[in-house]
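Descriptive structure summary
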Amino acid sequence: MVYLDHAATTTLRPEAANVWLQVSAEVGNPSSLHAAGRAARRVVEESRERAAAALGIRPSEIVFTAGGTESDNLAVKGFAWARGGRRAIVCSPIEHHAVLDPVEWLVEQQGFEVRYPAVDALGRVDLQSLEALLDDDVALCSVLWANNEIGTVQPIEAIARSCREQSIPFHSDAVQALGMIPVNASLPGLTALTFSGHKIGAPVGVGALVIDRDAVVAPLIHGGGQEREIRSGTVDAAGIAAFAVAVESAVAEQENLAARLIDLRAMLVQGVLARIPGTVLQGDPGIGVDERLPGNVAITFDGCEGDALLMLLDAAGIACSTGSACTSGVPEPSHVLLAMGVDAGTARGTLRFSLGRGSTEDDVEALLTALPSVVERARRAGRPRLAPRS
Ligand SMILES: Cc1ncc(COP(=O)(O)O)c(C=O)c1O
């Protein structure tokens, strides 16, 4: 199989798998007072220190969670609930659903108000438009570090500065950014940062929310009071140990990986655009790590249905995505492309190819060889009429 869907989930790192198995084989709840419990606690605290050192933050700033979705929910609801009286949430309209949906839930169920800044045609949040939305009533601001569908990197430093000037907690979802581009976790004005293990070579089911020591966040889950009483539940020593090792490797390898993937991405983009007429690259065409995720390619195929292309490529042994894996299968155009001003029909003809650690020139060659006939077949089938939005 040619796997071009590393943004959905990537391969487990051998070093993370080893430590995961090793710690899983030991009994002991990190909250227990006996020797087995203390040994498990030691694993967790040493892992917290290792991950913090790799990220350039203090160990006490890390709250381990079950992944990106939980960390995003904790940041959004946790800040909204802790900032009593303030009813507005500023978030980009191109967030992952793990941010957008809790925000919408707070609006529908709890009377919050959401304010969306404008996004330009390349998928970059407009700073001036965002700044105009920040005032005393804002409970939190959330803008993802780099978009999972179109790869555009956001002006995080400038947004953090604006939020800091107004003492507004700023959360950024850095799930796709970590290990691909530099992520400054100690950036002034950045209050909370979401990471997910399985996007960096750790197992599925572990992640972290990095939170400023001074920030107040209300817990989503109540119980045993683990993780500074922010996230109750038996602490997953094995998953956390694997996560810490994966964070270390991801940060250490980031620069080399980015350089290699930028070249592979150029080969892929140029190959597709040159061989197949009626194709457009979505997102920022810039090649730098400040502009676009090195492994992300999002291309619109005129006159095609993305899902049909995906299935035909799958039959040819090539795995890719129509955007966020979490919404694949739901016949709705991408909210990210719509926010960028792309029309619904064009949005539905878009595929995401995402490169990762194991990607090779052979993978790209295989795609470039299979794609022309696949696109021809999909174009012959035509694009079905859009389903009415309910
Ligand atoms: C930007 C972003 N945030 C959050 C998530 C969800 O992370 P997890 O799968 O760990 O819950 C994803 C997964 O696709 C993502 O790409």
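Residues numbered from 1 in each chain as written. Predicted model: local features only at pLDDT ≥ 70, side-chain atom pairs only at ≥ 80, totals over all residues.

Concerning the pairing of strand 12 (residues 350-354)
Going by this rule: Labels follow a simple rule on C-beta atoms placed from the backbone: if 20 or more others lie within 10 Å of a residue's own, it is buried; if 12 or fewer, it is exposed; otherwise it is partly exposed. A run of H or I in DSSP becomes a helix once it reaches four residues, and a run of E becomes a strand once it reaches two; helices and strands are each numbered from the N terminus. Note on pairing: DSSP must find at least two bridges between two strands before they are called paired.
Judged by how many residues are buried, strand 12 sits mostly within the fold: five of five residues are covered. The two faces of strand 12 match: Thr-350, Arg-352 and Ser-354 on one face and Leu-351 and Phe-353 on the other face are all buried. As paired strands, strand 10 (residues 296-301) and strand 12 are joined by five bridges and run antiparallel to one another. In the sheet register, Ile-299 faces strand 12, and the bridge partner there is Leu-351.

Section: the sheet that holds strand 10
To keep things clear, this is the line we draw: Whenever a helix is involved, its axis is fitted only over the stretch in contact; in every case the axis is a line through C-alpha atoms, and angles between N-to-C directions fall within 0 to 180 degrees.
Pairing is antiparallel across the open sheet formed by three strands, whose spatial order is 9-10-12. On the outer flanks of this sheet lie strand 9 (279-281) and strand 12, each paired with one strand and no other. Within this sheet the neighbouring strands show an average axis-to-axis angle of 25°, counted without direction. As judged from the three bridges shared by strand 9 and strand 10, these two strands associate in the antiparallel manner.

Considering the nonpolar core
One broad trend across soluble globular proteins is that nonpolar side chains are buried collectively. Worth spelling out the cut-off: Definition of nonpolar core: a set of buried Ala, Val, Leu, Ile, Met, Phe, Trp, Tyr and Cys residues joined via C-beta atoms within 7 Å. How far each domain reaches was decided by an automatic or database domain assignment. Note that contacts rest on C-beta atoms placed from the backbone: two residues are in contact if these are within 7 Å.
Core analysis: the biggest nonpolar cluster contains 115 residues, and Cys-141, Ala-241, Ala-242 and Leu-309 have the highest contact counts within it. If you tally residues by element for this core, the top one is helix 7 (residues 237-275), at 16 residues. Residue-level mapping places this core at the junction of two domains, with at least three residues from each of domain 1 (2-6 + 254-381) and domain 2 (14-249). Those residues in contact with Cys-141 that sit more than four places away from it in its chain are Val-90, Cys-91, Leu-134, Cys-163, Ile-168 and Phe-170.

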